[in-house]
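Topology and contacts: notes
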Amino acid sequence: MAKEKETETDSDTERADSNGTKEGRELRTHRQINHELCGELVELKNGYAKVKLATTHEMAADEKGLVHGGFVFSAADFAAMAAVNHPNVVLVSSECRFLSPVKVGDIVMLEAKELYKETRKRKIHVVGYFEEIKVFEGDFMTVVLERHVLDLKLLKEEE
């Protein structure tokens, strides 16, 4: 299997449209994700992604409009995957902190920065802000596989 040559440069920041493409730079992972629930990619460069999560009433966990943390986590996970930007990236672990509540109507910006690459392993740090308030921080460990995770034979096939 031929190795892919990485051609992106750290200095080239690209704004992303709703499909994740801009000036030849294209989102290569999580292309069918629901942007209303998981956030919209607004910036993409090598080892970096920014995702905007516009919270809605469908995300409310209670009558006061508290947004369920799973939606913030999902947007952070999407940002981490986009920062790696490989079609076969999978999340293997995370350590996250929810630092402040998010309510319906808040717009949370999540920035993901790849901290290191070790062959197939990647560590990505994600920070989420609503205005000037840090609401989320986490580290995501990922692995880049040779094939899509659902194409791997993880269990012995029945005879």
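These lines cover the structure that appears in this document, whether it is placed above or below. Computed from a predicted structure; not experimentally measured.

Moving on: the nonpolar core. Side chains that are nonpolar tend, in soluble globular proteins, to be buried together. Leu41, Leu53, Leu110, Ile124, Val126 and Phe136 are the most contacted members of the largest nonpolar core, which has 32 residues in total. Of all the elements in the fold, those that place two or more residues in this core are strand E4 (40–45), strand E5 (48–54), helix H2 (69–84), strand E7 (107–118), strand E8 (121–130) and strand E9 (133–144). At 10 residues, H2 tops the list of elements feeding residues into this core.

Even without being glycine, asparagine 85 reaches a positive phi, approximately 55 degrees. Looking at the secondary structure, you find asparagine 85 in the loop between H2 and strand E6 (89–98). Of note in this structure, glutamate 131 is not a glycine but carries a positive phi near 55 degrees. By secondary structure assignment, the location of glutamate 131 is in the loop between E8 and E9.

This paragraph deals with the environment of glutamate 131. For glutamate 131, a relative accessible area of 62% translates into the label exposed. Linking glutamate 131 and methionine 109, residues 22 residues apart in sequence, is a C-alpha distance of 8.2 Å.

This next bit is on the pattern of salt bridges. Summed over the entire model, instances satisfying the criterion amount to five salt bridges. Linking lysine 50 and glutamate 43 is a salt bridge whose minimum nitrogen-to-oxygen distance equals 3.9 Å. Between lysine 134 and glutamate 137 there is a salt bridge whose closest N-O contact spans 3.5 Å. Using a relative accessible area of 30% as the deciding quantity, one classes lysine 134 as partly exposed.

On to the packing of aromatic side chains. Under the criterion given, the structure shown has three aromatic pairs. Taking 5.5 Å as the distance between ring centres and 35 degrees as the angle between the ring planes, the aromatic pair formed by phenylalanine 73 and phenylalanine 140 counts as tilted. Note that phenylalanine 73 is positioned in helix H2 and phenylalanine 140 in strand E9, a separation of 67 residues in sequence. A residue is classified by how much of its surface remains accessible, and phenylalanine 73, at 25% relative accessible area, is partly exposed. Ring centres of phenylalanine 136 and phenylalanine 140 lie 6.5 Å apart, and the angle between their planes is 35 degrees; on these two criteria the pair is classed as tilted. Look at phenylalanine 136 and you get buried, because its relative accessible area is 0%. You can call phenylalanine 140 buried: its relative accessible area is 0%.

Reading the values: the criteria
Residues numbered from 1 in each chain as written. Predicted model: local features only at pLDDT ≥ 70, side-chain atom pairs only at ≥ 80, totals over all residues. Heavy atoms only, no water. Core = buried A, V, L, I, M, F, W, Y, C linked by side-chain atoms within 4.5 Å. Buried < 20%, exposed > 50% of the residue type's maximum accessible area, 1.4 Å probe, protein only. Helix = DSSP H or I, 4+ residues; strand = E, 2+ residues; numbered from the N terminus. Salt bridge = Lys/Arg side-chain N within 4 Å of Asp/Glu carboxyl O. Phe/Tyr/Trp six-rings, centres within 6.5 Å; stacked < 30°, edge-to-face > 60°.

Read these as spatial facts, not as claims about activity.
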